[in-house]
Amino acid sequence: MSGEELLRRHAADGGRLAASAAQGMGSIPALHTVVVTCMDTRIDVLGLFGLTVGEVHTLRNAGGVVTDDVVRSVTISQRKLGTREVLVVQHTRCGLASFTDAEFSEELAQDTGMLPPWRIGTFADPAVDVGRGMARLRRDPFVLPDTVIRGFVLDIEDFSLREIHPD
């Protein structure tokens, strides 16, 4: 689907439906929770957790990796919008587990003549990376110290969640 198709759907009724769903809501998530997850199109965060619009903040990126920007967004969500819990949710069969940072950086350098200034964030095991992301959030000085941080790996086949308890 192209950007034009998205704009057509917005004009056809999408804008009205979105406005209706957001009617009377503020920007503060009702469940005071942030969900960090992958941009994979198969993951419907609202459906996965039985949510409705306005209940959580959802932060998505390639892999659901806890990056500098995720920490920035969590911090703003907490300090300006009252969230107190974070769920880090990565998944099985993630594309970021199919190549390495070095491989992709080299592909980009070959194509553009430059190495990317940012880290790609690939990982071999989503459970290990979830644990690392949780640790990063727990030790960041800007994330509130009493934040409840939990991590999960979503099985992309049956959509079950396995909680990760890092050592």
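An account of the accompanying structure is given in this report. (Residues numbered from 1 in each chain as written. Predicted model: local features only at pLDDT ≥ 70, side-chain atom pairs only at ≥ 80, totals over all residues. Heavy atoms only, no water.)

Some points on the layout of surface pockets
- In this structure, the largest pocket spans a volume of roughly 280 Å³.
- Forming the boundary of the largest pocket are V65, V66, T67, D68, L96, F99, F104, W118, R119, I120, G121 and R136.
- Here the lining of the largest pocket is built from residues that sort into 7 nonpolar, 2 polar and 3 charged. (1 Å grid on protein atoms, 1.4 Å probe; cavity = no way out; pocket = protein on both sides within 12 Å on 5 of 7 lines; lining within 4 Å. Points joined across faces, edges and corners; volume = space filled by probe spheres on them. Nonpolar A, V, L, I, M, F, W, Y, C, P; charged D, E, K, R; others polar.)

A word on the pattern of salt bridges
- Counted by the stated rule, this structure contains 9 salt bridges.
- A salt bridge links E5 to R8, with the nearest nitrogen and oxygen atoms 2.7 Å apart. Separated by 3 residues within a single helix, E5 and R8 lie in helix α1 (residues 3-22), roughly one turn from each other.
- Linking E5 and R9 is a salt bridge whose minimum nitrogen-to-oxygen distance equals 2.9 Å. Highlighted residues: E5 and R9, both in helix α1, separated by 4 residues, approximately one helical turn. (Salt bridge = Lys/Arg side-chain N within 4 Å of Asp/Glu carboxyl O. Helix = DSSP H or I, 4+ residues; strand = E, 2+ residues; numbered from the N terminus.)

Remarks on the packing of aromatic side chains
- Across all of its chains, the model carries 1 aromatic pair by this definition.
- Between F99 and F104 the ring centres are 5.4 Å apart and the planes differ by 45°, which places this aromatic pair in the tilted class.
- A relative accessible area of 26% places F99 in the partly exposed class.
- Among the residues examined, F104 registers a relative accessible area of 26% and is labelled partly exposed. (Phe/Tyr/Trp six-rings, centres within 6.5 Å; stacked < 30°, edge-to-face > 60°. Buried < 20%, exposed > 50% of the residue type's maximum accessible area, 1.4 Å probe, protein only.)

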